[in-house]
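Residue-level listing of the chains:
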Amino acid sequence: MVYEATTTAPVNIAVIKYWGKRDTALILPTNSSLSVTLDQDHLRSTTTSRADAAFTQDRLWLNGKEDVIKDGGRLFVCIRELRKWRAEMEDRDAGLPKLSTLHVHIASYNNFPTAAGLASSASGLAALVASLSTLYALPQTASELSRVARQGSGSACRSLFGGFVAWREGAAADGADSVAEQVAPREHWPQMQALICVVSDAKKGTSSTAGMQHTVDTSPLLQHRLTVVPQRMRDIEAAIAARDFDAFARITTADSNQFHAVCLDTAPPIFYLNDTSRAIIQLVEELNRAALESTGHLVAAYTFDAGPNAVIYALEDNMPTVLGVVDRFFPQAAPFTNPFGVKVEYSPLAGFRDVVPIAERGAVKSFIHTRVGDGPRVLGEADGLLGPDGFPKTLG
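Below you will find a few notes about this structure.

Cut-offs and rules
Residues numbered from 1 in each chain as written. Predicted model: local features only at pLDDT ≥ 70, side-chain atom pairs only at ≥ 80, totals over all residues. Heavy atoms only, no water. Core = buried A, V, L, I, M, F, W, Y, C linked by side-chain atoms within 4.5 Å. Buried < 20%, exposed > 50% of the residue type's maximum accessible area, 1.4 Å probe, protein only. Helix = DSSP H or I, 4+ residues; strand = E, 2+ residues; numbered from the N terminus. Contact = heavy atoms within 4.5 Å. Salt bridge = Lys/Arg side-chain N within 4 Å of Asp/Glu carboxyl O. Polar contact = N/O pair within 3.5 Å; in protein donor to acceptor, adjacent residues only side chain to side chain. Pairing = 2+ DSSP bridges. 1 Å grid on protein atoms, 1.4 Å probe; cavity = no way out; pocket = protein on both sides within 12 Å on 5 of 7 lines; lining within 4 Å. Points joined across faces, edges and corners; volume = space filled by probe spheres on them. Nonpolar A, V, L, I, M, F, W, Y, C, P; charged D, E, K, R; others polar. Phe/Tyr/Trp six-rings, centres within 6.5 Å; stacked < 30°, edge-to-face > 60°.

1. Remarks on the nonpolar core
Counting 45 residues, the largest nonpolar core has W19, L82, V104, L128, V129, L132 and Y136 as the members making the most contacts within it. Counting residues per element, this core draws most heavily on helix α2 (residues 120-135), at 7 residues. With sequence-adjacent residues up to four places away left out, L132 is seen in contact with S49, I79, L82, V104 and I106.

Encoded structure:
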C-alpha cells in the first residue's frame with residue numbers, strides 16, 4: 001500500500017509585519033502580526049509526502065532540486081514534531097500502520113518565484129506541515145499545527161488558514177501560546193483583492209532570517225515599534241471586522257513604512273526597496289490623495305515585505321482604477337495575465353497628478369492580480385509530485 005498525501009498551501013502577505021525573534025530556536029516573535037491569505041488559484045505551494053519502508057532516509061526536493069534536511073534544522077524539526085504526534089497515535093491504537101517508523105520523501109513545488117519577497121518559505125513550510133499532517137491523519141487543529149509550522153518558518157503558521165490571520169506573539173517560554181488563528185474568513189470580506197507588482201524575481205541580498213536578527217541586535221527604532229504594534233493589531237482587527245477599508249489602508253501603509261524604516265535603522269542598514277518600489281509608493285500615495293479629495297475615501301493600500309515587490313490591496317470595485325494607473329506608469333515586460341477580466345485602461349481620478357515619470361518597460365516585470373483566499377487544500381492521487389519510484393516526477 002502507498003502511504004501518500006498531497007496538499008497545497010497559500011501565500012500570505014502581512015499587513016502588520018513580523019520582524020524580530022525573542023527566541024531564535026523556537027521562532028518566537030517580538031510582536032504579533034496579521035496577514036491576508038491570497039488565492040491559491042494564483043499563488044500556491046504544492047507538496048507531496050510519502051512514507052515507505054524502502055526509503056533509507058528522509059529526503060526533500062524543492063522545485064525539482066534536492067534540499068538537504070540538516071540534523072536539527074528547520075525542516076528536520078517540523079518532520080520530527082509531526083512524526084512524534086503520529087507515534088503517540090500509534091501507541092494508543094495498535095491497529096494503526098506504523099508510519100512514524102518509516103522515512104519520508106517529500107516533493108514541493110512553488111508556482112511563483114522563490115525567495116523574492118513573495119513569502120515562498122511561508123507557503124512552502126505550511127504545505128509541508130499540511131501534507132505530513134494529512135499523511136499521518138493527525139487530529140491536531142490548524143492552530144496546534146501552526147506551532148510546528150512556525151518552527152520551520154515564522155510566517156508559515158499564518159498560511160495554515162484562509163482569510164485574515166493573526167499570529168499571536170504569546171508569552172510562554174516554550175512557545176505554547178505563540179500560534180496563528182483566523183481573525184475572519186475570506187467570505188467575510190470577499191471584495192478584498194491584491195495586485196502584486198513583481199519588481200524583481202531574484203533572490204534578495206539579505207535574507208529575512210539574517211536581516212531581522214541584525215535589526216533586533218542594533219535598531220533602537222525597533223524598540224519603539226514594539227510599543228506601537230499592539231494597538232495597531234487591535235485597530236486593524238477592528239477595521240477588518242467592520243470592513244472599513246480606509247482604516248485598513250492607513251494602518252497597512254503605516255506599518256509597511258515603519259517596517260522598512262526599522263530596516264534602515266539597522267546597522268549596517270538593510271535596503272529591501274529599490275527606486276521602482278519607492279516610485280510605486282509615490283504613485284499610490286498620489287492616487288489616494290486624489291481619491292480622498294474627490295470621494296472622501298482611500299482606494300489602495302501598499303505594503304512591502306522583505307523585498308522590492310509591491311502588494312497593493314484594493315476593493316474589487318476600485319481595482320480597475322488602481323490597475324489602470326499602475327499599468328500606465330509601470331508598463332510590464334510580460335503580458336498581463338488577467339484572471340478576472342478587468343478592463344485595463346488609464347482613467348485617473350479627478351485631480352490626479354503625474355508625480356512619477358513613466359518607467360522603462362520592464363521596471364515592473366509582471367503583475368499578479370489575486371484576491372483573499374482559502375487555507376490549505378488536500379489534492380487527489382493524480383496531483384502527486386512523486387513518481388512510482390518515490391522520486392520527483394520532474395527534476396530540476
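Next, the rest of the story.
2. Details of the pattern of salt bridges
All told, the structure shown has 21 salt bridges when counted by the stated rule. Across the salt bridge formed by E66 and R59, the nearest N and O atoms sit 2.8 Å from each other. Look at E66 and you get partly exposed, because its relative accessible area is 42%. Salt bridges sharing common partners tie together D39, D41, R371, D374 and R377.

3. Remarks on the environment of V216
Topologically, V216 is positioned in helix α4 (residues 208-218). Note on V216: relative accessible area 25%, which makes it partly exposed. When the C-alpha positions of V216 and T46 are compared, they lie 33 Å apart, and in sequence the two are 170 residues distant. When residues no more than four places from it in sequence are discounted, the contact partners of V216 are G20, K21 and L222.

4. Digging into the side chain of S32
Following the sequence through the fold, S32 ends up in the loop between β4 (28-29) and β5 (33-37). Here the side chain of S32 touches E169 through a polar contact of 2.8 Å, landing on its backbone nitrogen. If we ignore the near neighbours within four places in the chain, the residues touching S32 are I16, K17, W167, R168, E169, V229 and M233.

5. Some words on the pairing of strand β2 (residues 12-16)
Most of β2 sits inside the fold, with 5 of its 5 residues counted as buried. In the sheet, β2 pairs with β5 via 4 bridges, with the strands oriented antiparallel. Its bridge partner being in β5, I16 is matched across the sheet by L34.

6. A closer look at the pairing of β5
Taken across its 5 residues, β5 has 5 buried, putting it largely inside the fold. With 4 bridges connecting them, β5 and strand β10 (residues 164-167) associate as antiparallel partners. Looking at β10, one finds that L34 is bridged to A166.

7. Observations regarding α4
Every buried residue of α4 is accounted for by G211, M212, Q213 and T215. Considering only its buried residues, α4 is in contact with β3 (21-23), α5 (220-242) and α6 (245-264).

8. Observations regarding unusual backbone geometry
Both trends apply: most residues other than glycine have a negative phi, and most peptide bonds are in trans. Going from A267 to P268, the amide bond is cis rather than trans, its omega being -10°. With respect to the secondary-structure elements, P268 resides in the loop between α6 and α7 (275-295). In this structure, R243 takes a positive phi of about 50° despite not being glycine. Within the element layout of this structure, R243 appears in the loop between α5 and α6.

9. Regarding the layout of surface pockets
Size it by volume and the second largest pocket reaches roughly 210 Å³. Along the wall of the second largest pocket there are 13 residues; nearest its centre are H42, T337, F367, I368 and H369. Of the residues assigned to the lining of the second largest pocket, the class counts are 7 nonpolar, 6 polar and no charged.

10. Comments concerning the packing of aromatic side chains
Evaluated as defined, the whole model comprises 12 aromatic pairs. Considering the side-chain rings of F329 and Y346, the 6.0 Å spacing of their centres and the 80° angle between planes classify their relative orientation as edge-to-face. Of this pair, F329 sits in helix α8 (residues 319-329) while Y346 sits in the loop between α8 and β15 (366-371); the two residues are 17 residues apart in sequence, bridging distant segments of the chain. Of the residues examined, F329 reaches a relative accessible area of 1% and is grouped as buried. An aromatic cluster is present here, built from F164, W189, F245, F248 and Y313 joined pairwise through their rings.

11. Focus: the environment of I270
Here I270 lies in the loop between α6 and α7. When its relative accessible area of 5% is taken as the criterion, I270 is described as buried. For I270 and T215, which are 55 residues apart along the polypeptide, the C-alpha to C-alpha distance reads 8.8 Å. Discounting residues that sit within four places of it in the chain, I270 has contacts with T206, G211, T215, C263 and L264.

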